[in-house]
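Below, each chain spelled out in residue letters.
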Amino acid sequence: MSTAAQAPFLQDEILRTPATARLYLALEQNAQHGALPLGTDINEIVRDAQDVITRRNGW
């Protein structure tokens, strides 16, 4: 995906909520450095993101 195509997607979908932004950042750091930062609870971040998505969709 080109940078021009990524920007709207990041802004509209990923960075819309703190939970999804945290998840994206954790995954990006993992991809770049091979490990998550110490103290990162990825399960908590995923639960937060799922809660936001559930509430936004009215499920």
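Here the structure is shown first, and the text comes after it.
Rules used throughout
Residues numbered from 1 in each chain as written. Predicted model: local features only at pLDDT ≥ 70, side-chain atom pairs only at ≥ 80, totals over all residues. Heavy atoms only, no water. Helix = DSSP H or I, 4+ residues; strand = E, 2+ residues; numbered from the N terminus. Contact = heavy atoms within 4.5 Å. Core = buried A, V, L, I, M, F, W, Y, C linked by side-chain atoms within 4.5 Å. Buried < 20%, exposed > 50% of the residue type's maximum accessible area, 1.4 Å probe, protein only. Polar contact = N/O pair within 3.5 Å; in protein donor to acceptor, adjacent residues only side chain to side chain. Expected span 1.5 Å × (residues − 1). Arc of directions from axis to C-beta. Salt bridge = Lys/Arg side-chain N within 4 Å of Asp/Glu carboxyl O.

Caption draft 1: Broad picture of the side chain of Thr20. Inspection of the secondary structure puts Thr20 in helix H2 (residues 18-33). Once residues within four sequence positions are removed from consideration, Thr20 is found in contact with Glu13, Ile14 and Ala49.

Caption draft 2: Spotlight on the nonpolar core. Counting residues in hydrophobic clusters, the biggest one holds six residues: Ala19, Leu23, Ala26, Ile45, Ala49 and Val52. If near-sequence neighbours (up to four positions away) are discounted, Val52 is found in contact with Thr17 and Ala19.

Caption draft 3: Highlighting the environment of Asp41. Among the structural elements, Asp41 can be located in the loop between H2 and helix H3 (42-57). Note: C-alpha distance between Asp41 and Asn30 (eleven residues apart in sequence) is 13 Å. At 3.2 Å, the side chain of Asp41 forms a polar contact with the backbone nitrogen of Asn43.

Caption draft 4: Structural detail: H3. Compared with an ideal rise of 1.5 Å per residue, which puts 16 residues at 22 Å, H3 spans 22 Å between its outermost C-alpha atoms and is within 8% of the ideal. Of the positions making up H3, those classed as buried are Ile45, Ala49 and Val52. Take H3 and look down its axis: the buried residues cluster within an arc of 60 degrees, on one side only. Two residues or fewer past H3, Gly58 is found with a positive phi of approximately 70 degrees.

Caption draft 5: Seen up close, the side chain of Thr17. Counting through the fold element by element, Thr17 comes out in the loop between helix H1 (3-14) and H2. According to the relative accessible area criterion, Thr17 is buried, its value standing at 13%. One polar contact links Thr17 to Thr20, side chain to side chain, over a distance of 2.7 Å.

Caption draft 6: Focus on the pattern of salt bridges. All told, the structure shown has one salt bridge when counted by the stated rule. The salt bridge partner of Asp48 is Arg22, with a shortest N-O separation of 3.2 Å. Separated by 26 residues along the polypeptide, Asp48 in helix H3 and Arg22 in helix H2 bring together distant segments of the chain.

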